[in-house]
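# Structural description and commentary
Listed below are the residues making up each chain.
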Amino acid sequence: MSTTSDLRQLLRGAALRVTRPRMAVLGAVYAHPHADTDSIIRAVRRDLPEVSHQAVYDSLHTLTAAGLVRRLQPSGSVARYESRVRDNHHHVVCRACGVVADVDCAVGEAPCLTASDDRGFSIDEAEVIYWGLCPDCSTARSS
Ligand SMILES: [Zn+2]
Ligand SMILES: [Zn+2]
């Protein structure tokens, strides 16, 4: 799902104009899940050396608003972006090194979206972040 024609189709499907920065940013987010903005800029510049920071920020904002990209920001971390959208998956974050991994929603069809009391809200997202130590960091601590 990241060939040039796939990316173009995703943009068109979201009624977005196809621009080189948007194509490059979306491709970078697909290639580097949970990357932060600086890593995305570095990846985009491999294809588009002349792209400005602002163009990358703008593209990330547009892609996020259109639902093609999901933004996550664990507390104490910079914003990160991923292409895995709309499945309400969660994240586990390492307290020591900050690495982020995907965790599927607890069991079955996004049960976290079924709140025990929705307070009359129409809920479309449940943000759950698990915190702990990644395998590398827990090995380092115990040795
Ligand atoms: Zn770690
Ligand atoms: Zn994720």
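Residues numbered from 1 in each chain as written. Chains lettered and ligands numbered in written order. Predicted model: local features only at pLDDT ≥ 70, side-chain atom pairs only at ≥ 80, totals over all residues. Heavy atoms only, no water.

### Section: the coordination of the zinc ion (ligand 1)
At this site the zinc ion (ligand 1) is bound by C94 (SG), C97 (SG), C134 (SG) and C137 (SG), with donor distances of 2.2 to 2.3 Å. Relative to the metal, the four donor atoms surrounding the zinc ion (ligand 1) lie at angles of 103 to 114 degrees, and the coordination shape comes out tetrahedral. Expressed as a motif, the donor residue spacing for the zinc ion (ligand 1) is C-x2-C-x36-C-x2-C. (Donors = N, O, S within 2.8 Å, 3.2 Å for Na, K, Ca; no water. Tetrahedral: all angles 85-135°; square planar, octahedral: opposite > 155°, others 65-115°.)

### Side note on the packing of helix 1 (residues 4–13) against helix 2 (residues 20–31)
Contact pair helix 1 / helix 2: the axes reach a minimum separation of 10 Å and the direction vectors enclose 110 degrees. Taken together, the axes of helix 1 and helix 2 are roughly perpendicular relative to one another. Across the interface between the two elements, T4, L7, R8, L10 and L11 from helix 1 touch R22, M23, L26, G27 and Y30 from helix 2. Considered class by class, the residues forming the contact of helix 1 with helix 2 number six nonpolar, two polar and two charged. (Axes fitted to C-alpha atoms, helices over the stretch in contact; angles between N-to-C directions. Helix = DSSP H or I, 4+ residues; strand = E, 2+ residues; numbered from the N terminus. Parallel < 35°, antiparallel > 145°, perpendicular 65-115°, else oblique. Contact = heavy atoms within 4.5 Å. Nonpolar A, V, L, I, M, F, W, Y, C, P; charged D, E, K, R; others polar.)

### Thoughts on the pattern of salt bridges
Taken as a whole and judged by the stated rule, the model has six salt bridges. With its nearest N and O atoms 3.7 Å apart, the salt bridge here joins E82 to R70. Of this pair, E82 sits in strand 3 (residues 80–82) while R70 sits in strand 2 (residues 70–72), placing them 12 residues apart in sequence. Judged by its relative accessible area of 1%, E82 is buried. (Salt bridge = Lys/Arg side-chain N within 4 Å of Asp/Glu carboxyl O. Buried < 20%, exposed > 50% of the residue type's maximum accessible area, 1.4 Å probe, protein only.)

### Points about the sheet that holds strand 6 (residues 129–132)
With respect to topology, three strands assemble into an open sheet ordered 5-4-6, the strand pairing being mixed. The open sheet has two edge strands, strand 5 (100–103) and strand 6, and neither has a second partner. When strand polarity is set aside, the average angle formed by the axes of neighbouring strands in this sheet is 25 degrees. Bridging between strand 4 (residues 90–94) and strand 6 involves four bridges; their strand directions are parallel. Residue pairing for strand 6: V92 is matched across the bridge by Y130. (Pairing = 2+ DSSP bridges.)

### Points about unusual backbone geometry
Despite not being glycine, H34 has its phi angle at roughly 70 degrees, a positive value. Turning to its location among the elements, H34 is positioned in the loop between helix 2 and strand 1 (35–36). By relative accessible area, H34 is classed as buried at 8%. Even without being glycine, R86 reaches a positive phi, approximately 65 degrees. Note on placement: R86 falls in the loop between strand 3 and strand 4. Assessed through its relative accessible area of 69%, R86 is described here as exposed.

In short, the description is geometric, and any link to function would need to be established separately.
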